[in-house]
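Here are the chains, one letter per residue:
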Amino acid sequence: MIQDIFNEYAKFPQVRSIAVGGSRAIKKNDAYSDYDVYVYSTEPIPVEERRRILEQQCSSMVLDNHYREHEDICILDDDSSELNIIYRNLDEFLAKIDRVAVHFEPQNGCTTGLWHNLLTGRIAYDKGGLLAAAKEKYDIPYPQELKNNIISYHMNLIKYGMPSYIAQIEKAMLRGDIVNVNHAVHRFLDSYFDVLFAANEMLQPGEKRLIEICREECRLLPANFELNMKLLLNNMCKDPATISIVSTMVTELEKVVGQALA
């Protein structure tokens, strides 16, 4: 079914490349994994043309979702798997990677996520070899300047800037504002993992299985990394004293940064 969809999409003149990403691309999928398919084009594909193709293989669908990127979300008829088709302008996508990989610009969370997505995606269709050429171009060692910039930028957000994430979390906890606690901790963890992956000179693999990936693949890890992560997430809306866990996590992260920059 997936291949049939690829074949139909490849007929659109504006489509340049199609790739499979996510856990299935790196063979870490499980029973809960969906299909992430990236369609790279020069111009948008009309929604009715997409519907015509997808309704042949999918029992239900929501088209033109813009929650994160432009995507269609479908349920496949054969095994009820979820299919996410993400539409990207190829030039804009590569320009974003260039700003990170070549110009060393940190982003607000998951700085190297698109770069990781490019390198790990499995190409299913590639008119003129443009996506393959991009994978080869950006298959380079982790830039030291990018590493330094990510660490500096996000440690400023976490601790040294004003207002820091530590200060925001503490205020939210003391107020008992559990919604705001959740938002503040989310922002903190985005920056925390950006620093951790940069310190290890690893591209950010996304949002899923981060504890597992860090445990298995990071050369440098904060002391009690997994324990402190669970303590924070399990208690952040229950006990204002949990802010001490955040402070401990930051202190141990600073030690990792010191090792990484030594």
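A quick note: this is a predicted structure, and the numbers were derived from the prediction, not measured. (Residues numbered from 1 in each chain as written. Predicted model: local features only at pLDDT ≥ 70, side-chain atom pairs only at ≥ 80, totals over all residues. Heavy atoms only, no water.)

### What to know about the packing of aromatic side chains
How we decide: Note on aromatic pairs: the rings of Phe, Tyr and Trp (six-membered ring only in Trp) are paired at centre separations within 6.5 Å, and the planes decide the class, stacked below 30 degrees, edge-to-face beyond 60, tilted for the rest. The rule is simple: take the accessible area with a 1.4 Å probe, protein chains only, and divide by the maximum for that residue type; under 20% is buried, over 50% is exposed, in between is partly exposed.
As enumerated under the stated definition, the model contains 8 aromatic pairs in all. Ring centres 5.8 Å apart and planes at 80° place the aromatic pair Tyr9 and Phe12 in the edge-to-face group. Judged by relative accessible area, which is 9%, Phe12 ranks as buried. Taken together, the ring pairs in this structure connect Phe188, Tyr192, Phe193, Phe197 and Phe225 into an aromatic cluster.

### Quick notes on the pattern of salt bridges
Formally: We define a salt bridge as a contact between a side-chain nitrogen of Lys or Arg and a carboxyl oxygen of Asp or Glu at a distance within 4 Å. What counts as a helix is a DSSP run of H or I of at least four residues, what counts as a strand is a run of E of at least two, and both are numbered from the N terminus.
This model, assessed by the stated rule, comprises 13 salt bridges. With its nearest N and O atoms 3.0 Å apart, the salt bridge here joins Glu201 to Lys147. Linking Glu201 in the loop between helix 9 (178-199) and helix 10 (210-217) with Lys147 in helix 7 (residues 144-160), this pair joins segments that are 54 residues apart in sequence. With a relative accessible area of 3%, Lys147 lands in the buried category. Notably, a salt bridge pairs Glu252 with Lys255, separated by 3.3 Å at the nearest N-O pair. Note that Glu252 and Lys255 are positioned in helix 12 (residues 243-261) at a spacing of 3 residues, about one turn of the helix. Glu252 gets classed as buried once you look at its relative accessible area, which sits at 15%. Relative accessible area serves as the criterion here: at 47%, Lys255 is assigned to the partly exposed category. The network of salt bridges with shared partners includes Arg50, Asp64 and Asp72.

### With respect to the confidence of the model for the chain
Put simply, the rule is: What pLDDT conveys is the predictor's confidence in a given residue, as a value from 0 to 100.
With 96% of its residues at a pLDDT of 70 or more, the chain has an overall mean of 93. Ranking the elements of the chain by mean pLDDT puts helix 2 (residues 22-25) last, at 60, and helix 7 first, at 98.

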